[in-house]
Amino acid sequence: FHRGYYIRARAVDHCVQDFLLKTQSHLRTQILSLGAGFDSLYFRLKDMGLLHHTVVYEVDFPNVACQKATLIQRTEELSALVGDTGGEGLGAITFSGEDYKLLGVDLSELSELERALEEAGLDSEIPTLFLAEVVLTYMENSRSDALIQWAAEQFPQACFVLYEQMLPQDPFGRIMQQHFRQLSSALLSLALYPDRSTQQQRFLQKGWTECSVMDMNEFFTCCTPEDEQQRMQALEPFDEYEEWHLKCSHYFVLTASKGMEPSWTPLSSSMTGPCGGGPIRTAGSVPAAACAAQTATLGLRRYGHRSVLIRPNVILTTGGFGQEGGQHCRMRSFHVLAEHAGCWKAGCWREEDPDRRWDRRLYHTVSCLSSSLALVVGGRTSPARAGLGMLWLKFPETCSALDPGDITVELVNLQPAAEAAVRRWRHSTTEVMFRGERYLFVYGGRSAEEPVLGDWHFLHVPGLACTVVPVGGPVPESRHSHSACSWSGGVLIAGGLGAAEQPLGSVFFLRELEHGFGWQAVETHPALIPRYSHTAHVHEGRLLLVGGVWLHSPEVPGLTIIDLSTGLCLDYTIDAEHLEWPLMVHNHSSVFLPDEKELVLIGGGGNCFSFGTHLNPEPVSLNLSSILT
C-alpha cells in the first residue's frame, strides 16, 4: 500500500519538476491539475522554492474544492504558503492566491471549465503543464477525449502527464476492474484504451506531437536513481513482491507534449539496458480445468503455501495465507487432495494438541522423505519473524485416496543442527545424491536481516546433520522465490527475484562431480524470460516452469518448457476460458502427475494494495499430454 502511493507520487513529482526545470528560462509558466482532489502538490513545490514564476491551477467538483479551501484556510502552515488571498473567491474560484487558484468545476463540462479557467487568469500563450492522476478514466471517453484535444488545440506550448490503470483483461486486471465497480467508480477508459500503445495513439491523434508511456515497473527501474530505489526498499519490512510488481504493471505514466523547444522527454531512461519488453511468441496453449472435487475445497484458497505428493495421486498442502473459519488468516489446517477413478476429493485436518500446534508459517518448504515422513524447513509468520526451524510431518504409511479426510498428520518439533540453514523463507529445499547418499540441498531465499540470500547448505538424510560438501563452478546470483528440481542426482535452479528486486532469467544445474558438486549454467534459446514466484518440475529431460511473475511482457506467464539437452525454450499460454474466475498463477503450488501428464495447480493469488484479497477458489488441472509427447 505504501509503495503503491510512493511510486505514483514519485512519477508525478519527477515529471512536474522536469517541466519546471526545462521551462525555467520562461518568464511565466503554469500548471493545471485536473481532478486535483486533496493533492498537496502545490504546497510541496512552494515549500521547495520551485514556483518562482509558476501559477498552479487546481480543478475538481465544487463540493471537493470547497472542502479543500476550508481546510487550507483552517491550517496555518498551508495558508502561510499561499500568502495573501485577496479576499473571498468568486464564481467557480473557491480559493485564490498570487500563485494558486482552486476552482470548483465539473471537468466533463468543457465549456464551463474553459470559462472558469479564463476568469481565473489561465494564459493559453505560456508553457502549460496539464496533470491528470487517475481522473480521465472515470469520465465518458467522448468527454475525456474532448478534454485532451482541447488542451492540444488551445495551448501552443503544452505538456500533459497522465497516470492511470491499464491491462483490464488479464487476471489481475479483472480483479482491479471488479474492485472499482464495487466502489461505483468503473474505469471507463479501459474499453477503448486498454494498454500503452492505445493510450499513446490516443494522444497523438488528438493533436499532441510527442508521447511516451511507461508502466510503473519500468519507471521505477529506469527513471528512479539506484540509491533512491535502495532507500525506499529499506524503509520497512516488506514481502509482497508479487502484488507490488503486478500493481505496477497495471498502472502507467504517460507524458505528451507539443510546441516545446527543446523537446520535453521526462521519461527518457537513464539506464543503459532495455527497460521493458513486448509480446512474446508462444508455441501454443494448454487448457485449464477446475478439479471436480466432491467435497469443499475452501481451505485450498491460499497463497505462500506448499504442496507435496505423499502417495500416488495424494497431495498434502500445508501453511500459507488464506481463508479459514470465515476470515483471512495464516492457515492452521492441513489439506489433502486425492484423486481416485478420475475424481478428486478434498479433506482437511487440524492439529489439536496445543504443544504440537502448527505455527501457521508460509513460504516454507516441504520435502517428502519416505512413505510416512515429510520435513518442513524454514518459513515465516511475518517478515520480522522467520526463525521457525524444522518440523517433521508424520502420516500413516498406509492411507487411502478414497477418503482423504481419514489421513492424519502428526507434528514433531526438530532442533536443527545448522540454524543458519533454516532461518529463511522463499528458499528451496531439494533432494540430491552424493556418493550414493541422500542430502537435502537448502538454497537461497531471504531472511529478516538479508533481503536476498545466495548461500547453500547440505543436510545429510536422515539425521539432517549439516555437512560440508565442496562446490565449484560459476556461483549463481543470490535469489529468492526461485524454483528448484531434483535431476540426475543434482538440482536445477531457475529464475527467482534477485538483488534490487529484479527477476532473474538464469538457469543453473548443480551436478555431482568426483569430489563434490559443480555449478553449471544452462543456456536456453531463446533466452528464458526473467520470472519468479513460479513452480517447476522435470519430466523426461524437460524442465517445466509454471506461472510466476515477470516484468517483460504485458502477457501473463503460462507454461515454459526447456529441453535440457538442447536448451530449446518454448512458451505456452494457459487457456483459462472455461474457468469461472480469474486464474492467478503466482504464489501457487503445483504437483506433476507423470503417468497422466497432468499438472495440478493449488491455491495462488495474493493480498494486493487496495484491491483486496484474491485467491483461486479451486484447484486447477492442466492436461499436458498434447505437448509432452
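These figures come from a predicted structure and were not determined experimentally. (Residues numbered from 1 in each chain as written. Predicted model: local features only at pLDDT ≥ 70, side-chain atom pairs only at ≥ 80, totals over all residues. Heavy atoms only, no water.)

A. Layout of the packing of helix 1 (residues 2–22) against helix 9 (residues 216–223). Interaxial distance between helix 1 and helix 9 falls to 11 Å at its minimum, and their mutual angle equals 60 degrees. Handedness of the helix 1/helix 9 crossing: left-handed. Between helix 1 and helix 9, the residues in contact are Tyr6, Ile7, Arg10, Ala11 and His14 and Met216, Phe219, Phe220 and Cys223, respectively. (Axes fitted to C-alpha atoms, helices over the stretch in contact; angles between N-to-C directions. Helix = DSSP H or I, 4+ residues; strand = E, 2+ residues; numbered from the N terminus. Left-handed = near helix turned anticlockwise from the far one by under 90°. Contact = heavy atoms within 4.5 Å.)

B. Main features of helix 11 (residues 241–249). With respect to burial, helix 11 is a largely interior element, nine of its nine residues being buried. Taken together, the buried positions of helix 11 are occupied by Tyr241, Glu242, Glu243, Trp244, His245, Leu246, Lys247, Cys248 and Ser249. (Buried < 20%, exposed > 50% of the residue type's maximum accessible area, 1.4 Å probe, protein only.)

C. Representation of the environment of Val253. Following the sequence through the fold, Val253 ends up in strand 8 (residues 251–258). For Val253, a relative accessible area of 0% translates into the label buried. Taking the C-alpha atoms as reference, Val253 lies 23 Å from Gly612; in sequence the two are 359 residues apart. In this view, Val253 contacts Ala11, Cys15, Val161, Leu162, Ser212, Val213, Met214, Met216, Phe219 and Leu267; residues no more than four positions away in its chain are not counted.

D. Inspection of the domain arrangement of the protein at higher detail. Entries for the protein in the domain assignment read domain 1 (1–258) and domain 2 (282–623). Measuring from the centre of the C-alpha atoms in domain 1 to the corresponding centre in domain 2 gives 42 Å. With both sides pooled, the region where domain 1 packs onto domain 2 buries about 2,700 Å², and carbon together with sulfur makes up 62% of that total. Sorting the residues of domain 1 by area buried against domain 2 places Asp239, Tyr241 and Glu242 first, and these three jointly supply 25% of that buried surface. The interface formed by domain 1 and domain 2 includes five salt bridges. Among the ionic pairs, Arg3 bridges to Glu501, the shortest N-O distance being 2.8 Å. In this structure, the connection of domain 1 to domain 2 is made through 14 residue pairs in polar contact (both at pLDDT 80 or more). Looking at the side of domain 1 that touches domain 2, the elements with two or more residues in it are helix 1, helix 7 (171–182), helix 9 and helix 11. Residues that form the side of domain 1 that touches domain 2 fall into these classes: 14 nonpolar, six polar and seven charged. (Domains from an automatic or database assignment. Buried area = accessible area lost by both parts, 1.4 Å probe. Salt bridge = Lys/Arg side-chain N within 4 Å of Asp/Glu carboxyl O. Polar contact = N/O pair within 3.5 Å; in protein donor to acceptor, adjacent residues only side chain to side chain. Nonpolar A, V, L, I, M, F, W, Y, C, P; charged D, E, K, R; others polar.)

E. Focus on the pattern of salt bridges. In the structure shown here, the tally under the stated rule is 24 salt bridges. The salt bridge involving Lys68 is made with Glu58; its shortest N-O contact spans 2.6 Å. Of the two residues, Lys68 sits in helix 3 (residues 62–74) while Glu58 sits in strand 2 (residues 54–60), which places them 10 residues apart along the sequence. The burial state of Lys68 is the same as that of Glu58; both residues are buried. Residues Arg426 and Asp239 are paired through a salt bridge, measuring 2.8 Å at the closest nitrogen-oxygen approach. A residue pair is termed long-range when its members are at least 10 positions apart, and Arg426 in the loop between helix 12 (419–422) and strand 21 (428–434) and Asp239 in the loop between helix 10 (226–233) and helix 11 qualify at 187 residues. Across this residue pair, the class does not change: Arg426 and Asp239 are buried. Via salt bridges that share partners, Asp239, Glu242, Arg380, Arg426 and Arg446 belong to a single interconnected network.

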